[in-house]
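Architecture at a glance
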Amino acid sequence: MLLPFDEAGHGRAVVLLHARPTDRTMWRAHLPLLAEAGVRAIAPDLPGHGAALVPDERVVAPWADVLATLDHLGVDRFVLAGNSLGALVALQVAVTAPGRVAGLVLVGYRPHDQPPSPRLRRAWDSERTALDAGDIDAAVRAGVDAWTAADAPREARAHAARMLRDQLRSQLTHGEPARAADPLDEDPAALRTLGVPAVVGVGERDMPDFFHGGEGLADELGAGGVVVIPGAGHLAPLEQPAAFCDLLVNVMKGERPGSSMT
């Protein structure tokens, strides 16, 4: 499946992979910033999100679709930057095609087998209760409150609300597509042997689940400590685009950030 995408700039390629409740427009502020920094930035919709509608009965393998789209664009080697679901897909791409990945920048990661904190469980329950009652407005409010910091820029929260609303409507109309077997499950040691430069980050205001998940991932990747993005929640790149782009460009230059960004 070739994925819908936006792109900007020329130079070394970075692939921007969005979070679960969002779509590729999450990166609209990042594209010009990265292009100005001399980077070719490519932001696809993941299957089942945004304009990447999935035909009925199709089993999706997002990592394979990302690679097929990059093949179509003639991009052989690239840095992967992902938030939440995007971080997971970035890892799946990396273990599927390790020779093509020049680096990883992963924010807001939590392995699915990690027990949820009470805060995360409440967020899930609030959204599900609203959807079961047919109240999309309440589900959107619950999602925005869960995934962004309360004092995030107003436009960032409004943008998150628009993306979440579109995603929930699509989910209610089309359902959740079935997923292929996760390549991360095939070799539990795959992440430890990747050997690519990696940075793992988390928003300062995110839930404890993602601090814990990020620490475990950083250890597996040999990435050092988790980088904390100040003033941001789970959708840290959306809330702090300039800071995230600075982090990404520095990583592409081979610079290792400190444990906290300023």
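Refer to the structure above for everything that follows.
Residues numbered from 1 in each chain as written. Predicted model: local features only at pLDDT ≥ 70, side-chain atom pairs only at ≥ 80, totals over all residues. Heavy atoms only, no water.

1. Things to note about the nonpolar core
As a rule of thumb, soluble globular proteins bury nonpolar side chains together. For clarity, the cut-off: Remark: nonpolar core denotes a set of buried residues (Ala, Val, Leu, Ile, Met, Phe, Trp, Tyr, Cys) joined through side-chain atoms within 4.5 Å. Between buried and exposed lies partly exposed: a residue is buried under 20% and exposed over 50% of the maximum accessible area for its type, with that area taken using a 1.4 Å probe on protein chains only. Only runs of H or I of at least four residues qualify as helices and only runs of E of at least two qualify as strands under DSSP, and these elements are numbered from the N terminus.
Of all hydrophobic cores here, the largest spans 81 residues; its most connected members are Val14, Leu16, Phe78, Leu104, Leu221 and Leu248. When residues in this core are grouped by element, the largest group, nine residues, is from helix 3 (residues 85-96). Membership of the second largest hydrophobic core comes to 10 residues, among which are Leu131, Val140, Val144 and Ala161.

2. Thoughts on the sheet that holds strand 3 (residues 39-44)
Rules: Two strands pair under a simple rule: DSSP has to find at least two bridges between them. Only the stretch in contact is used when fitting a helix axis, every axis being a line fitted to C-alpha atoms; angles between N-to-C directions are given from 0 to 180 degrees. By definition in these notes, contact holds between two residues if any of their heavy atoms fall within 4.5 Å.
A sheet is described by the order of its strands in space; here seven strands give the open sequence 1-3-2-4-5-6-7, paired in mixed fashion. The strands lining the two open edges of the sheet, one partner per strand, are strand 1 (5-8) and strand 7 (227-229). Shown here is a sheet whose adjacent strand axes are inclined to one another by a mean of 20°, direction ignored. As paired elements, strand 2 (residues 12-17) and strand 3 share four bridges and run parallel to each other. The residue of strand 3 that forms the bridge with Val15 is Ile42. Its contacts with the sheet place helix 2 (residues 62-72) against strand 1, strand 2, strand 3 and strand 4 (78-83), and it is angled at close to 145° to strand 2. Sheet strands touched by helix 3: strand 2, strand 4 and strand 5 (101-107). Its angle to strand 4, the strand with the most contacts, is close to 150°.

3. Remarks on a negative patch on the surface
Note the threshold: Patch construction takes residues with relative accessible area above 30% that form no salt bridge. Like charges are linked within 9 Å, and nonpolar side chains (Val, Leu, Ile, Met, Phe, Trp, Tyr) are linked within 5 Å. Under the convention used here, a 1.4 Å probe and the Shrake-Rupley method define accessible areas, while residue burial counts only the protein chains that appear. When a carboxyl oxygen of Asp or Glu lies within 4 Å of a side-chain nitrogen of Lys or Arg, that pair is called a salt bridge. All tallies of charge rest on Lys and Arg as positive and Asp and Glu as negative; His and the ends of each chain are not included. Note that the charge is assigned to NZ on lysines, CZ on arginines, CG on aspartates and CD on glutamates.
On the surface, a cluster of negative charge is contributed by Asp113, Asp185, Glu186 and Asp187. In this structure, Glu186 sits in the loop between helix 6 (154-174) and strand 6 (198-203).

4. Comments concerning the pairing of strand 6
If a strand is regular, its side chains alternate between the two faces of the sheet. Taken across its six residues, strand 6 has six buried, putting it largely inside the fold. The two faces of strand 6 match: Ala198, Val200 and Val202 on one face and Val199, Gly201 and Gly203 on the other face are all buried. Where strand 5 lies against strand 6, four bridges are found, and the strand directions are parallel. The residue of strand 6 that forms the bridge with Leu106 is Val200. Where strand 6 and strand 7 come together, three bridges link them in parallel fashion. Note that in strand 7 the partner of Gly203 across the bridge is Ile229.

5. Section: the packing of helix 4 (residues 118-132) against helix 5 (residues 136-147)
The criterion, for reference: Throughout, the term roughly parallel applies to angles under 35 degrees, roughly antiparallel to angles over 145, roughly perpendicular to angles from 65 to 115, and oblique to all others. Working rule for handedness: look at the near helix, and if it is turned counterclockwise from the far one by less than a right angle, call the crossing left-handed; if clockwise, right-handed. Each residue is assigned to one of three groups, with Ala, Val, Leu, Ile, Met, Phe, Trp, Tyr, Cys and Pro labelled nonpolar, Asp, Glu, Lys and Arg labelled charged, and all others, Gly among them, labelled polar.
For the pair helix 4 and helix 5, the least separation of the axes is 7 Å and the interaxial angle reads 165°. Between helix 4 and helix 5, the crossing angle belongs to the class labelled roughly antiparallel. As helix 4 runs across helix 5, the sense of the crossing is left-handed. Seen from helix 4, the contacting residues are Leu120, Ala123, Trp124, Ser126, Glu127, Ala130 and Leu131; seen from helix 5, they are Ile136, Ala138, Ala139, Ala142, Gly143, Ala146 and Trp147. For the contact of helix 4 with helix 5, a count of residues per class yields 11 nonpolar, two polar and one charged.

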